[in-house]
Amino acid sequence: EQRRAADIIRLLTLYRPLLDAFVIDFFTEGLWAQLPPAWQPALASATPAQLAGLLRGQGGPGAAWPLSLLAFAAAARALAFPRGCPGRSPRPPCQSSHLHPLLRRHVKPKKQHEIQHLSKLLQRLSQATGCERVVDIGAGQGHLSRFLAFGLGLSVTAVDTDGRLVGLAERFDQELLRELGKTKGLGHKRPPQHPLTPRAPQHVAGCLDPAAPWGEFLLPPNPPGPGPAARNPLGGPGGSEDGGQVLVTGLHACGDLSPALLCHFTRSPAVAAVALVGCCYMKLSTAPQPPECPLGYPLSVSVAALPGHQLSYRAREAACHALEEFEGRLRGGSPHLQAHCYRAVLESLICAADPSKRHLGLQPGRKAHALSFAQYAHLGLPLAGLDPVRVPLDSEAVRAMLEQQHKVVAFCTLGQLLAPAVETLILLDRLLYLREQGFHCALVPLFNPQFSPRNLVLVAARTPLATVLAGLDKDREDRDS
């Protein structure tokens, strides 16, 4: 793992200009001319299907790539963690048959898929550690907590910083309890395929304090909600209310939340195991952190000691991209691809009109593929405080830029190649942080990456994980068969 981290850093150092480039600057900074000269003719003539093959290393009809480009792509793919194979369906089912109908309410199909698989992992962790108490951090509307409590009978505390979401989660719980009461009163002869227990989770509004002892880790929500602050449900420094250990989970714990939970795990014997899915890596802290409670990136001594380990905001943002979705668009020749070129041309026009308005983070709309560039610009320019009437939208220069859409897409593809390696480095750093302190840990590609891009779950425990991982392998084999 240390060698892999070092190799990734060497690769990223070689191609840092490519990694740190914003595609919207394609024209304003002449990004195409910054590519190796040997790559430019091949990429300029490549079809979207051939670019998709380059992403996956599957070749493409008529593609003749320079050896240096092939080596770059092969290295990026080899160093990234395997993300698992997409399922047979390009999208999850509209409703999951693995969830009780009452637990599907208010839950989108993507979330149903994630809840189903993460719950199975947590159930195996519960059996392996003997812990039946789960703390779900960043629980939101409580969908995962609800399944763990009602569906698996675990004792669950759901924590979220947004008091409005906590209130909504409690309302959904009460709604489900009422429905359960009606079902019981009807006395159905046929029991449901997935019977539920009337054991609702406990919901708490509070912020995580990574520097506090585990039993005192909650701060009042920000902004504070009405009424007195909720009592910390985890009791004092000994752990949970009953003095036992707990499992901690976070489904897409954003930014520094994942490192904060890992910090609590390493310092708190009350936490038997954690299962985390991170996201929003661009929100990670990168400033030096105190050794007693590090946050952000890097966490580990191993990665922090490697020259060139630093990751820019752009690099960390790239690590959140959905590679499988982009590949699918390439293979299908999706009209959505033109949005990248539209935005780069718009940035060029904005900078020409007022250089101070660079990188404003504009989002002119999600349906750029259905618009002409003039329509797109008429939506985007006012967001930058510019009058579309005063900006030449039908000039020869604009038409010349729009004709380079294939080059913009090819440049995006190179960034997509590096994105999984950046995510791997961030996750390797977390693994090494845990291993440096003697804990058992693993990364598991738990979700279908085609519709859940952040699908690598970090599992850590104070006891070996062999039985848990073996059980997950068996579940995967059963699902595939």
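Residues numbered from 1 in each chain as written. Predicted model: local features only at pLDDT ≥ 70, side-chain atom pairs only at ≥ 80, totals over all residues. Heavy atoms only, no water.

Asks: How would you explain the overall build of the chain if you had to name every residue and give the values?
Replies: When helices and strands are counted, the chain shows 18 helices and nine strands. Split into buried and exposed, the 481 residues of the chain put 51% on the buried side. Counting contacts in the chain only where the partners sit at least 6 residues apart, residues at least 24 apart contribute 74% of the total. Total accessible area on the chain stands at roughly 21900 Å², and carbon and sulfur atoms take up 56% of it. (Helix = DSSP H or I, 4+ residues; strand = E, 2+ residues; numbered from the N terminus. Buried < 20%, exposed > 50% of the residue type's maximum accessible area, 1.4 Å probe, protein only. Contact = heavy atoms within 4.5 Å. Areas by Shrake-Rupley, 256 points an atom, 1.4 Å probe, with all protein chains shown as cover.)

Asks: Explain helix α8 (residues 143–151) residue by residue, including any values.
Replies: α8 sits mainly inside the fold: eight of its nine residues count as buried. Of the residues making up α8, those classed as buried are His143, Leu144, Ser145, Arg146, Phe147, Leu148, Ala149 and Phe150. Following α8 by one or two positions, Gly153 adopts a phi angle in the positive range, close to 75 degrees.

Asks: Explain the packing of aromatic side chains to me, using residue names and the numbers behind them.
Replies: Across all of its chains, the model carries 10 aromatic pairs by this definition. Between Phe26 and Phe411 the ring centres are 5.9 Å apart and the planes differ by 75 degrees, which places this aromatic pair in the edge-to-face class. You can see Phe26 sitting in the loop between α2 (16–20) and α3 (40–45) and its partner Phe411 sitting in helix α17 (residues 405–436), a full 385 residues away along the chain. Of the two residues, Phe26 and Phe411, both sit in the buried class. When the ring centre of Phe22 is taken as origin, the NZ or CZ atom of Arg314, which lies over that ring, is 5.7 Å away. We note Arg462 situated over the ring of Phe265; from NZ or CZ to the ring centre the distance is 4.8 Å. (Phe/Tyr/Trp six-rings, centres within 6.5 Å; stacked < 30°, edge-to-face > 60°. Lys NZ or Arg CZ within 6 Å of the ring centre and 35° of its normal.)

Asks: So what about the sheet that holds strand β7 (residues 271–279)? Which residues, and what values?
Replies: Pairing between sheet strands relies on hydrogen bonds along the backbone, with the strands arranged either parallel or antiparallel. Strand order in the open sheet made by the seven strands is β3-β2-β1-β6-β7-β9-β8, with mixed pairing throughout. Each having just a single partner strand, β3 (202–205) and β8 (440–445) make up the two edges of the open sheet. Adjacent strand axes in the sheet meet at a mean angle of 15 degrees, parallel and antiparallel pairs treated alike. Sheet topology note: the strand β6 (residues 246–254)/β7 ladder contains eight bridges and is parallel. Looking across to β7, one finds that Leu247 is bridged to Ala273. (Pairing = 2+ DSSP bridges. Axes fitted to C-alpha atoms, helices over the stretch in contact; angles between N-to-C directions.)

Asks: How would you summarise unusual backbone geometry if you had to cite specific residues and measurements?
Replies: Across the junction of Tyr297 and Pro298, the peptide omega takes the value -5 degrees, indicating a cis bond. Inspection of the secondary structure puts Pro298 in the loop between β7 and α11 (301–304). Notably, Cys280 is not glycine yet its phi reads approximately 50 degrees, a positive angle. Within the fold, Cys280 resides in the loop between β7 and α11.

Asks: Explain the nonpolar core residue by residue, including any values.
Replies: Grouped together as the largest cluster of nonpolar side chains are 100 residues, with contacts concentrated most on Leu43, Phe72, Phe373, Leu414, Leu418 and Leu434. Each of domain 1 (1–86 + 325–418) and domain 2 (98–221 + 235–319 + 423–478) accounts for three or more of the residues forming this core. Non-local contacts of Phe373, meaning those with residues more than four positions away in its chain, are made with Tyr342, Val345, Leu346, Leu349, Leu393, Val398 and Leu402. Of all hydrophobic cores here, the second largest spans 36 residues; its members include Leu144, Leu176, Ala275 and Leu472. (Core = buried A, V, L, I, M, F, W, Y, C linked by side-chain atoms within 4.5 Å. Domains from an automatic or database assignment.)

Asks: How would you sum up the side chain of Glu423? Please name residues and give values.
Replies: Its location among the elements puts Glu423 in helix α17. Among residues more than four places away in sequence, those in contact with Glu423 are Arg83, Tyr281, Ala319, Arg454 and Leu456.

Asks: Break down helix α14 (residues 338–353) for me, with residues and values.
Replies: Its 16 residues give α14 an end-to-end C-alpha distance of 23 Å, which sits within 8% of 22 Å, the value for a rise of 1.5 Å per residue. Within α14, 12 of the 16 residues are buried, which leaves the element mostly enclosed by the surrounding structure. Looking at the buried side of α14, the elements it contacts are α15 (373–380), α16 (396–402) and α17. (Expected span 1.5 Å × (residues − 1).)

Asks: So what about the environment of Glu403? Which residues, and what values?
Replies: Tracing the chain through its elements places Glu403 in the loop between α16 and α17. On the accessibility criterion, Glu403 (62% relative accessible area) is exposed.

Asks: Got a sec to walk through the confidence of the model for the chain? Specific residues and values, please.
Replies: Here the chain averages 85 in pLDDT, and 86% of its residues register 70 or above. Here residues 186–191 is modelled with pLDDT under 50, and outside its nearest four sequence neighbours on either side it reaches one contact, counting other chains as well. (pLDDT = per-residue confidence, 0-100.)

Asks: I'd like a description of the pattern of salt bridges, backed by residues and values.
Replies: The final tally for this structure, using the stated rule, is 20 salt bridges. Across the pair Asp25 and Arg358 runs a salt bridge, and its minimum N-O distance is 3.3 Å. With Asp25 in the loop between α2 and α3 and Arg358 in the loop between α14 and α15, the pair connects residues that are 333 residues apart, well separated along the chain. When its relative accessible area of 36% is taken as the criterion, Arg358 is described as partly exposed. Linking Asp387 and Arg390 is a salt bridge whose minimum nitrogen-to-oxygen distance equals 4.0 Å. The partly exposed category is assigned to Asp387, whose relative accessible area is 36%. (Salt bridge = Lys/Arg side-chain N within 4 Å of Asp/Glu carboxyl O.)

Asks: Outline the packing of helix α7 (residues 109–129) against α8, supporting the account with residue identities and numerical values.
Replies: α8 packs onto α7 with a crossing angle of 50 degrees between their chain directions and a minimal axis gap of 10 Å. As summarised for this structure, α7 and α8 are arranged oblique, according to the angle between their axes. By crossing handedness, the relation of α7 to α8 is classed as right-handed. For the pair α7 and α8, contact is made by Ile115, Leu118, Ser119 and Leu122 and by His143, Leu144, Phe147 and Leu148, respectively. Looking at the contact of α7 with α8 residue by residue, the class counts come to six nonpolar, two polar and no charged. (Parallel < 35°, antiparallel > 145°, perpendicular 65-115°, else oblique. Left-handed = near helix turned anticlockwise from the far one by under 90°. Nonpolar A, V, L, I, M, F, W, Y, C, P; charged D, E, K, R; others polar.)

Asks: Residues and numbers for the pairing of β7, please.
Replies: Most of β7 is tucked away, with nine of its nine residues classed as buried. At this point the chain moves from β6, through helix α10 (residues 257–267), to the parallel β7, and the crossover so formed is right-handed. Summarising the sheet, β7 and strand β9 (residues 456–461) pair through four bridges and their orientation is antiparallel. By the bridge assignment, Val274 is partnered in β9 with Ala460. (Right-handed = clockwise from strand over helix to strand, strands pointing away.)

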